[in-house]
Amino acid sequence: MRILFLVGRELAYQRNDVLLRAFRRIGKVEVVENPFPSNSLVWNSLWVGLKALPHLLTGRYNLIFVGFYGHLLMLLAGVLARLRRIPVLFDVFVSNYDTLVQDRRKISPTSLAAKLARWLDLTSCGLASHL
């Protein structure tokens, strides 16, 4: 089994590390990560997305795994995987909307930012084959 493993946060993040070790027990895993992760999830996701693009377009994988934090990566990986008919397992873990609106109370529930966060949650989950 060939697996493409994408992460929007550093690979050493405990959740990503545990899942990567598990996948390595069942198949050959190619990892795309940002070797110099920043505090910006947007920057990390953009960097990984650009580096993953050739893999997504030409690689022969049985599964694409999008780990934490992968909401933004799912916009690219989910669409390309559907076109190539490759299943995508998305480790959704947290909701952007719940985190920003309810937990941290950083944005108003009626704001444009809240609507965007909700859209990102729904779209990224909708593009996955499995959550």
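Above this text sits the structure in question.
Just so it is clear, the model here is predicted, and its values are computed rather than measured.

Another point: the sheet that holds strand β2 (residues 28–32). Read from one edge of the open sheet, four strands run β2-β1-β3-β4, paired in parallel fashion. Edge strands, defined here as strands with exactly one partner in the open sheet, are β2 and β4 (88–90). Neighbour to neighbour, the strand axes of the sheet diverge by 20 degrees on average, direction disregarded. Pairing of strand β3 (residues 63–66) with β4, which is carried by three bridges, proceeds in the parallel orientation.

Along its 16 residues, helix α5 (residues 112–127) runs 22 Å from first to last C-alpha, staying within 8% of the 22 Å computed at 1.5 Å per residue. Where α5 is buried, its residues contact α3 (71–84), β4 and α4 (96–103).

Let's shift gears to unusual backbone geometry. A negative phi holds for most residues other than glycine; trans holds for most peptide bonds. For the bond running from F68 to Y69, omega is -15 degrees, close enough to zero to count as cis. Looking at where Y69 falls in the secondary structure, it is placed in the loop between β3 and α3. Positive phi values are uncommon outside glycine, yet R85 reaches one of about 60 degrees. With respect to the secondary-structure elements, R85 resides in the loop between α3 and β4. Looking at R85, the relative accessible area reads 79%, which means it is exposed.

Relative to the assigned elements, N44 resides in helix α2 (residues 41–58). In terms of polar contacts, N44 uses its side chain to reach the side chain of N34, at 3.1 Å. Not counting chain neighbours up to four residues away, the residues in contact with N44 comprise G8, N34, P37 and S38.

Reading the values: rules and limits
- Residues numbered from 1 in each chain as written.
- Predicted model: local features only at pLDDT ≥ 70, side-chain atom pairs only at ≥ 80, totals over all residues.
- Heavy atoms only, no water.
- Pairing = 2+ DSSP bridges.
- Helix = DSSP H or I, 4+ residues; strand = E, 2+ residues; numbered from the N terminus.
- Axes fitted to C-alpha atoms, helices over the stretch in contact; angles between N-to-C directions.
- Expected span 1.5 Å × (residues − 1).
- Contact = heavy atoms within 4.5 Å.
- Buried < 20%, exposed > 50% of the residue type's maximum accessible area, 1.4 Å probe, protein only.
- Polar contact = N/O pair within 3.5 Å; in protein donor to acceptor, adjacent residues only side chain to side chain.

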